[in-house]
Amino acid sequence: MSDTSLIRDALSRRNLLRQAGAAGLATFAAPAWAQSMIDLGLPGGPGEREITTAFPQKGAMVLQRARPPLLETPFEVFDKGVFTPNDRFFVRWHWSAIPTSIDVDTYRINVHGHVDKPLSLSLKELMAMPRIEYAAVNQCSGNSRGFFQPRVAGGEWGNGGMGNARWTGVRLKDVLDRAGVKAGAVQVRFNGLDDPPVKESPDFMKSLAIDHARDGEVMIAFAMNGQPLPLLNGFPVRVIVPGWYATYWMKMLNDVEVLDSPDTNFWMKTAYTIPDTPHANMKPGQTGLSMVPINRMVPRSFITNVKAGETLPAGKPASVRGIAFGGDTGVKRVDLSVDGGKTWHATRLGKDEGKWSFRRWETRFTPKAKGGAVLMVRCTSTTGEVQPTEANWNPAGFMRNVIESTPITVA
Ligand SMILES: Nc1nc2c(c(=O)[nH]1)N[C@H]1C(S)=C(S)[C@@H](COP(=O)(O)O)O[C@H]1N2
Ligand SMILES: [Mo]
């Protein structure tokens, strides 16, 4: 897309959002038109959720919470392809004071702090900078939290707190270079336009180490799957930290601050921390563990065309397919077990869309013995990291990546 067409598109989007502000976003608090229900199959409690179409620029989504919006992608969407459509892409906000319209002419990204020359970048200036583009999975740290046992507090996501898109934008490094990072910088902190409802609550801010922020991969994105970002996914610009959990992917980015001492704000020091143990695993009630900010993602894989409880005919070849991702690196292999993990078979991988993308896998098998069977799928990343056989546990419900099991009936 050319500069001008993107800006023009953004301008028409601005008008659209003005309308949405009047009509659509006002309905945040009233998810009125429940069309149907979905059961997320959560083990510890009610898994029924409404399917809602009440949110602007969003199609049918699983309503986890209306205000601030927490919308999950219905899992069937992942069967349709490796790129999650923008109107089905999950949505998560911490605070309810979210702008309902954006003026793209006056929008600025302020770059300040430990720099030589503070900047106030317009969108036009940003879009005139050299561009990069890549596919990357955006996954909430607490994706699949609803499967944690014992249960933990927080948004009870099924597996749809994730999505994959092709992101277009500029290198954060190039923006930082324009401002000139001073010697002694240690972190770069991001803030967005959203605010807590009361000023006593901590504004949502996230930081990356200076070297990470300047690695040439971290992006300020203005397009998602070739289109401007939906408002709820951070229009007009957001941070992309490929391979890392979504908590760092600041939406409606308007502030970039270079810090000369470590960020101790609530969202870095207290929230979004994990035990520094393998798989961020611990026992309920366990104390004395060192806690670190959540960081890189780990491999996961899912079956997308066979649901738990389905019946497959005995003696007839069945096709099984799904998606996988390697975490912060690519997918080396995906194996399927049809006997509850006793034996494993390599599946055929689909097109490689880049190391941070979802990757398709597929295989065929012929169910033989009648009765119950358990399908399992396991991803190995290109660095040899494998999904664990036991589910992890931590009080925040972060980083689930256990090998998924799908019980079926063969008849
Ligand atoms: N400005 C802003 N950015 C944010 C958040 C937020 O609350 N405010 N939440 C983060 C978290 S925890 C997640 S999971 C992702 C969700 O991105 P999405 O809504 O585009 O799917 O946004 C991240 N960026
Ligand atoms: Mo998140």
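Parameters and conventions
- Residues numbered from 1 in each chain as written.
- Chains lettered and ligands numbered in written order.
- Predicted model: local features only at pLDDT ≥ 70, side-chain atom pairs only at ≥ 80, totals over all residues.
- Heavy atoms only, no water.
- Phe/Tyr/Trp six-rings, centres within 6.5 Å; stacked < 30°, edge-to-face > 60°.
- Helix = DSSP H or I, 4+ residues; strand = E, 2+ residues; numbered from the N terminus.
- Buried < 20%, exposed > 50% of the residue type's maximum accessible area, 1.4 Å probe, protein only.
- pLDDT = per-residue confidence, 0-100.
- Contact = heavy atoms within 4.5 Å.
- Pairing = 2+ DSSP bridges.
- Domains from an automatic or database assignment.
- Buried area = accessible area lost by both parts, 1.4 Å probe.
- Salt bridge = Lys/Arg side-chain N within 4 Å of Asp/Glu carboxyl O.
- Polar contact = N/O pair within 3.5 Å; in protein donor to acceptor, adjacent residues only side chain to side chain.

### Observations concerning the packing of aromatic side chains
Scanning the model with the defined rule gives 15 aromatic pairs in all. With 6.1 Å between their ring centres and 80 degrees between their planes, W95 and W267 make a pair best called edge-to-face. Residue W95 is located in the loop between β5 (91-92) and β6 (108-113), and its partner W267 is located in helix α5 (residues 266-269); the two are separated by 172 residues in the primary sequence. Both residues of the pair, W95 and W267, count as buried. Aromatic side chains W267 and Y272 sit 6.5 Å apart centroid to centroid with 40 degrees between the ring planes, which places their arrangement in the tilted category.

### Here we look at the confidence of the model for the chain
Per-chain confidence: the chain averages 93 in pLDDT, with 91% of residues scoring 70 or above. Predicted confidence in the chain is weakest over helix α1 (residues 3-24), with a mean pLDDT of 45, and strongest over strand β14 (residues 238-240), with 99. Counting contacts from residues 14-32, a segment whose pLDDT is below 50, to residues more than four positions away or on other chains yields 37 contacts.

### A word on the sheet that holds strand β2 (residues 48-52)
The strand order across the open sheet built from five strands is β1-β2-β3-β4-β5, with neighbouring strands paired in antiparallel fashion. The two strands at the open ends of the sheet, each matched to only one other strand, are β1 (36-39) and β5. Here β1 pairs with β2 via four bridges, running antiparallel. Bridging from a neighbouring strand, S36 pairs with I51 of β2.

### A few points about the sheet that holds strand β26 (residues 404-410)
Taken together, five strands build an open sheet; the order of strands is β19-β26-β25-β21-β22 and the sheet is mixed. Among the strands making up the open sheet, the edge pair consists of β19 (311-312) and β22 (345-346). As paired elements, strand β21 (residues 331-337) and strand β25 (residues 371-381) share six bridges and run antiparallel to each other. Looking at β25, one finds that S337 is bridged to M376.

### Quick look at the domain arrangement of the chain
For the chain, the assigned domains read domain 1 (3-271) and domain 2 (300-410). Between the C-alpha centres of domain 1 and domain 2 there is a distance of 28 Å. In this assembly, 33 residues from domain 1 lie in contact with 27 residues from domain 2. Interface area for domain 1 against domain 2, summed over the two sides, is near 2,500 Å², with a carbon-plus-sulfur share of 60%. For the domain 1 face of the interface with domain 2, the top three residues by lost area are D79, V82 and F148, together amounting to 25%. There are three salt bridges connecting domain 1 and domain 2. Here D79 makes a salt bridge to R321, at a shortest N to O gap of 2.7 Å. Counting every contact that joins domain 1 to domain 2 gives 11 residue pairs in polar contact (both at pLDDT 80 or more). Of all the secondary-structure elements, those providing two or more residues to the side of domain 1 that touches domain 2 are β8 (132-139) and β9 (162-171). The element contributing the most residues to the side of domain 1 that touches domain 2 is β8, with five residues.

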